[in-house]
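Each chain, letter by letter, is given below.
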Amino acid sequence: MRDPLKPIAGAALAALLLSGLSGCSGAPQASPASPQATPTPTYELPPRPVRPGESAVKAAPVTDGDTRFQVIGLQKGLSGFFGSHAEWQAKGQYVVVRILVENPGRTNSRFDAKRQKLVAADGATYTVDRFAQAIKRQPDELPLGAQVRIELDLWYDIPKEAKVSAIRLFGDPPLGVGGSTDGVQVPLP
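Since the structure is predicted, the reported quantities are computational estimates derived from the model, not experimental observations.

## Examining the packing of aromatic side chains
The description of an aromatic ring pair uses the distance of the two centres, along with the angle that the planes make with each other. Tallied over the entire structure, the rule returns four aromatic pairs. Measuring from ring centre to ring centre gives 4.7 Å for Trp88 and Phe131, while their planes differ by 55 degrees; the resulting arrangement is tilted. Of the two residues, Trp88 sits in strand S4 (residues 87-102) while Phe131 sits in helix H2 (residues 130-135), which places them 43 residues apart along the sequence. Exposure remark for Trp88: the relative accessible area of 38% places this residue in the partly exposed category. Relative to Trp155, the ring of Tyr94 lies with its centre 5.6 Å away and its plane at 80 degrees, an arrangement referred to as edge-to-face. Taken together, the positions of Tyr94 in strand S4 and Trp155 in strand S9 (residues 149-158) put the pair 61 residues apart, joining distant regions of the chain.

The structure is reproduced here in structure tokens:
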């Protein structure tokens with residue numbers, strides 16, 4: 001014997017389920033708005049004047065390995081300089097590149113000034129002048145802790161006739177990767 005209430009109960013259940021898809025009011029519901037990205041807060045640092053004799057460089061940040069760099073200043077054609085205890089003359093001309101170095105990672109990294117190369121228009125490359133770096137109290141090598149950012153000068157003694165075109169910056173390879181990085185080149189004015 002067939003139960004006469006089964007078809008009615010089935011139809012009622014189907015109607016109830018279908019009406020539940022559009023909400024209790026029966027009016028169509030709008031799909032929820034896509035979530036808006038919240039902007040990341042930034043530090044508001046006061047602007048600083050460019051140092052005497054230096055030109056500001058507006059270069060975008062670049063990354064090599066686990067290190068982020070940004071060139072911010074340049075001095076060319078210096079015949080000599082004063083340190084804290086001495087005056088020193090260039091063999092050719094001093095070129096000073098001011099950079100920001102940052103470790104954006106979660107592990108320690110290392111910065112080695114001796115690996116940073118100044119590139120001339122003819123393709124010749126020059127390493128930092130270690131004596132000038134020492135007299136000007138600039139680091140040769142230093143550890144960069146996680147999220148550490150520093151600013152420093154790289155001093156080069158290059159031939160007087162050499163025309164500077166770029167700097168090639170070398171970071172620390174990622175943790176667990178041996179060897180060295182390929183470097184990243186930043187054009188200089």
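Still more ground to cover, so stick around.
## Here we look at the pattern of salt bridges
Tallied over the entire structure, the rule returns ten salt bridges. The closest approach of N and O atoms between Glu102 and Arg68, which form a salt bridge, is 3.2 Å. Taken together, the residues span a long stretch of sequence, with Glu102 in strand S4 and Arg68 in strand S3 (residues 67-82) at a distance of 34 residues. Its salt-bridge partner being Arg98, residue Asp153 comes within 3.0 Å of it at the nearest N-O pair. Of the two residues, Asp153 is situated in strand S9 and Arg98 in strand S4; the sequence distance between them amounts to 55 residues. Of the two residues, Asp153 and Arg98, both sit in the buried class. Residues joined in a network through salt bridges with shared partners are Arg48, Arg51, Glu54, Arg98, Glu151 and Asp153.

## Observations concerning the pairing of S4
Of all 16 residues in S4, twelve are buried, a share of seventy percent or more. Summarising the sheet, S3 and S4 pair through eleven bridges and their orientation is antiparallel. Paired with Gln70 across the strands is Leu100, a residue of S4. Alignment of S4 against S9, held across ten bridges, turns out to be antiparallel. Looking at the pairing, Ile99 lines up with Leu152 of S9.

## Regarding the environment of Asp66
Along the chain, the position of Asp66 falls in the loop between strand S2 (62-64) and S3. Overall, the relative accessible area of 23% leaves Asp66 in the partly exposed class. Sequence-wise, Asp66 and Asp172 are 106 residues apart; in three dimensions their C-alpha atoms are separated by 5.6 Å.

## Observations regarding the nonpolar core
With 29 residues, the main nonpolar core has Val71, Val97, Ile99, Phe111, Leu154 and Tyr156 as its most contacted residues. Among the secondary structure elements, those contributing two or more residues to this core are S3, S4, strand S6 (117-120), strand S8 (141-144), S9, strand S10 (164-169) and strand S11 (184-187). In this structure Ile99 touches Phe69, Gln70, Val71, Ile72, Phe111, Ile150, Glu151, Leu152, Leu154 and Leu169, once residues within four positions along its chain are discounted. Phe81, Tyr94, Ala132 and Trp155 belong to the second-largest nonpolar core, a separate cluster that totals seven residues.

The rules behind each value
- Each residue is numbered by its place in its chain's sequence as written, counting from 1.
- Local features in a predicted model are, by the rule used here, given only for residues with pLDDT of at least 70; side-chain atom pairs are given and counted only at 80 or more, and totals for whole chains, interfaces and linings are based on all residues.
- With hydrogens and water excluded, all non-hydrogen atoms of the structure serve as input to the side-chain values.
- Here a Phe, Tyr or Trp ring, Trp counted by its six-membered ring, pairs with any other such ring whose centre lies within 6.5 Å, and the pair is stacked when the planes are under 30 degrees apart, edge-to-face when over 60, and tilted otherwise.
- The numbering of helices and of strands both runs from the N terminus, where a helix is a DSSP run of H or I of at least 4 residues and a strand a run of E of at least 2.
- Accessibility here uses a 1.4 Å probe with only protein chains present; expressed as a share of the type maximum, an area under 20% marks a residue as buried, one over 50% as exposed, and anything in between as partly exposed.
- Salt bridge, as applied in this entry: a Lys or Arg side-chain nitrogen positioned within 4 Å of an Asp or Glu carboxyl oxygen.
- Here, a strand pair is defined by DSSP locating no fewer than two bridges between the strands.
- Residues enter a nonpolar core if they are buried and are Ala, Val, Leu, Ile, Met, Phe, Trp, Tyr or Cys, with the set joined through side-chain atoms within 4.5 Å.
- Any two residues having at least one pair of non-hydrogen atoms within 4.5 Å are treated as being in contact.

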